[in-house]
Amino acid sequence: MKPFLRSQLERYAQRLGELDFLLSREDIMSDMAQYRRISVEHAEVTQVAGRYARYQQREADLAGAREMLADPDMAEMAQEEITSAEAELLQLEDELQRLLLPKDPDDARNAFVEIRAGTGGDESALFAGDLTRMYTRYAATVGWKVEVVSENAAELGGYKEIVLRIEGDHVYGALKFESGGHRVQRVPATETQGRIHTSACTVAVMPEPDEHEAIKLNPADLRIDTFRASGAGGQHINKTDSAVRVVHLPTGIVAECQDGRSQHSNKAKALQVLQARIQEKERSERAAKEAALRKGLIGSGDRSDRIRTYNFPQGRLTDHRINLTLYKLLYVMEGDLGDVLQALAHAREAEQLEELEMGATD
């Protein structure tokens with residue numbers, strides 16, 4: 001194990017002792033907010049310290065087994081123990097490296113996924129529909145729940161824009177690297193000459209804000225309009241002005257919701273989307289500043305970043321950020337996104353580990 005990792009892990013063992021002491025104090029036990037915060041840290045530190053204790057135990061086992069090799073009667077058993085200990089130590093080191101990586105507190109949140117048609121006209125709108133289906137199908141395979149918050153359907157099919165709310169375990173953490181420009185190369189159904197067209201969509205993945213945070217928006221900064229919902233939804237939804245559009249005047253950011261049956265629920269959802277978009281704008285500005293200092297593998301998640309190409313004639317998906325190419329495009333479009341998401345997560349982990357190591361040597 002690298003010295004910088006070992007020194008980081010030693011700190012966890014020390015910190016666990018400090019947290020045990022804090023949790024035994026009466027003044028902290030009587031302050032529920034502080035007690036809860038320390039308890040959460042205690043659980044995280046216990047996990048790391050426990051795995052490191054196991055690593056140290058297996059190191060001791062390995063050293064003992066190597067000493068036993070000199071005894072001919074014990075050599076065979078010692079060799080078995082050496083093989084077992086070395087394999088487990090490699091696994092534990094990999095696990096500990098991942099546990100040490102800084103965590104984005106938003107990763108565990110639900111997410112809003114906004115898909116917007118870009119260059120390419122009707123073909124771009126159809127591709128936005130394909131991406132919507134891809135994410136919806138993937139969500140179904142992992143047990144996530146998807147609901148449409150707002151949609152602007154295109155005449156020939158697909159969407160000019162659609163916003164999905166995806167609810168489930170670790171949604172934002174899994175999908176956050178989908179933000180950016182998605183390019184498609186294929187022969188459109190309307191193309192009579194068989195020529196390949198290129199069109200594009202943008203995807204923005206935003207963590208759903210804490211339900212209490214939407215209240216922080218200053219009412220004086222908001223303009224709220226109601227209008228009659230369009231599109232699918234049955235007779236009821238089209239007879240009442242239940243759809244809601246909210247404009248954040250200082251930034252010009254707009255959010256709307258027309259999916260629910262009541263104006264009240266649509267307003268609540270629109271405010272959540274608005275809050276998510278405002279936070280995403282702030283996040284993007286921070287990421288752009290960081291990217292200027294250090295170009296990350298995954299990029300800033302800016303919509304102008306072209307992150308992926310879907311080439312239908314070749315059945316090829318290419319993620320340009322990590323030079324990943326997969327020749328199973330039709331499966332991916334049916335929701336088989338696991339390999340892509342995992343490769344992006346591993347690339348980010350490797351990047352974080354490098355940053356951690358560089359920080360330790362500075």
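Because the structure is a prediction, the values reported are computed rather than measured.

### Comments concerning the overall build of the protein chain
Each helix and strand counted, the protein chain has 10 helices and 11 strands in total. Put simply, of all contacts in the protein chain between residues at least 6 apart along the chain, 61% involve residues at least 24 apart. By element, 51% of the accessible surface of the protein chain is carried by carbon and sulfur atoms, the whole surface being about 19,700 Å².

### Some points on the sheet that holds strand S5 (residues 197-207)
Within the open sheet, the eight strands sit side by side as S2-S3-S1-S5-S4-S9-S10-S11. Their pairing is mixed. Of all strands in the sheet, those bounded by a partner on one side alone are strand S2 (145-153) and strand S11 (324-326). Here the strands of the sheet are splayed against their neighbours by 15° on average, with no regard to which way each runs. Here seven bridges tie strand S4 (residues 180-186) to S5, and the two strands are oriented antiparallel to one another. When the bridges of S5 are listed, Arg-183 appears paired with Ala-200. The strands that helix H5 (residues 121-141) touches are strand S1 (111-117), S2, strand S3 (159-167), S4, S5 and strand S9 (306-311); relative to S4, the one it contacts most, it runs at about 110°.

### Looking at the side chain of Asn-311
The residue Asn-311 is located in strand S9 in this model. What Asn-311 contacts, discounting residues up to four positions off in sequence, is Gln-185, Arg-316 and Leu-329.

### Concerning unusual backbone geometry
In terms of backbone geometry, most residues other than glycine have negative phi values and most peptide bonds are trans. Look at His-170: it is not a glycine, yet its phi comes out positive at around 60°. Within the secondary structure, His-170 sits in the loop between S3 and helix H6 (171-175). Positive phi is not limited to glycine here, since Asn-323 has a value of about 50°. Summarising the element assignment, Asn-323 is placed in the loop between strand S10 (316-319) and S11. Classification of Asn-323 by relative accessible area gives exposed; the value is 68%.

### Digging into the sheet that holds strand S6 (residues 222-227)
Within the open sheet, the three strands sit side by side as S6-S7-S8. Their pairing is antiparallel. Because the sheet does not close on itself, it has two edges, and the strands there are S6 and strand S8 (253-257). Across the sheet, the mean angle separating the axes of adjacent strands is 15° when strand polarity is ignored. Bridge count for S6 against strand S7 (residues 243-248) is six bridges, and the pairing is antiparallel. Its bridge partner being in S7, Thr-226 is matched across the sheet by Val-244.

### Focus on helix H1 (residues 3-23)
Here H1 contains 21 residues, and its C-alpha end-to-end distance of 31 Å stays within 8% of the 30 Å for a straight helix at 1.5 Å per residue. Buried residues of H1: Phe-4, Leu-5, Gln-8, Leu-9, Leu-16, Leu-19, Leu-22 and Leu-23, and no others. Looking down the long axis of H1, one finds its buried residues gathered within 135° of arc, a one-sided arrangement. Of the residues in H1, the exposed ones pointing more than 90 degrees away from the buried face are Pro-3, Gln-14 and Phe-21.

### Structural notes on the packing of H1 against helix H3 (residues 32-68)
It is the contact of H1 with H3, at a shortest axis distance of 8 Å, that shows an interaxial angle of 135°. For the element pair H1 / H3, the angle class is oblique. In this structure, the crossing between H1 and H3 has a hand that is left-handed. Split into classes, the residues belonging to the contact of H1 with H3 amount to 13 nonpolar, four polar and six charged.

### Remarks on the nonpolar core
Ranked by internal contacts, the top residues of the largest apolar core, which has 36 residues, are Val-113, Leu-131 and Tyr-310. Counting only elements with at least two residues in this core, the list comes to S1, H5, S3, H6, S5, S11, helix H9 (329-333) and helix H10 (338-361). Tallying contributions element by element places H5 first for this core, with seven residues. Counting residues in each nonpolar core, the second largest holds 18 residues, with Leu-9, Ile-82, Ala-85 and Leu-89 among its members.

### Remarks on the pairing of S9
Most of S9 sits inside the fold, with five of its six residues counted as buried. Examined bridge by bridge, S4 and S9 share five bridges and lie parallel to one another. When the bridges of S9 are listed, Gly-181 appears paired with Arg-306. In textbook terms, the turn of a hairpin is the stretch between consecutive antiparallel strands, and for S9 and S10 this stretch comprises four residues, one of which, Gly-315, has a positive phi near 60°.

### A word on the side chain of His-42
Mapped onto the secondary structure, His-42 falls in helix H3. Relative accessible area serves as the criterion here: at 19%, His-42 is assigned to the buried category. In this view, His-42 contacts Leu-16, Leu-19, Asp-20 and Leu-23; residues no more than four positions away in its chain are not counted.

### As for the pattern of salt bridges
Across all of its chains, the model carries 35 salt bridges by this definition. Across the salt bridge formed by Arg-51 and Glu-95, the nearest N and O atoms sit 3.1 Å from each other. Of this pair, Arg-51 sits in helix H3 while Glu-95 sits in helix H4 (residues 75-100), placing them 44 residues apart in sequence. Between Glu-86 and Arg-66 there is a salt bridge; the shortest N-O distance is 3.0 Å. Of the two residues, Glu-86 sits in helix H4 while Arg-66 sits in helix H3, which places them 20 residues apart along the sequence.

What counts as what
Residues numbered from 1 in each chain as written. Predicted model: local features only at pLDDT ≥ 70, side-chain atom pairs only at ≥ 80, totals over all residues. Heavy atoms only, no water. Helix = DSSP H or I, 4+ residues; strand = E, 2+ residues; numbered from the N terminus. Contact = heavy atoms within 4.5 Å. Areas by Shrake-Rupley, 256 points an atom, 1.4 Å probe, with all protein chains shown as cover. Pairing = 2+ DSSP bridges. Axes fitted to C-alpha atoms, helices over the stretch in contact; angles between N-to-C directions. Buried < 20%, exposed > 50% of the residue type's maximum accessible area, 1.4 Å probe, protein only. Expected span 1.5 Å × (residues − 1). Arc of directions from axis to C-beta. Parallel < 35°, antiparallel > 145°, perpendicular 65-115°, else oblique. Left-handed = near helix turned anticlockwise from the far one by under 90°. Nonpolar A, V, L, I, M, F, W, Y, C, P; charged D, E, K, R; others polar. Core = buried A, V, L, I, M, F, W, Y, C linked by side-chain atoms within 4.5 Å. Salt bridge = Lys/Arg side-chain N within 4 Å of Asp/Glu carboxyl O.

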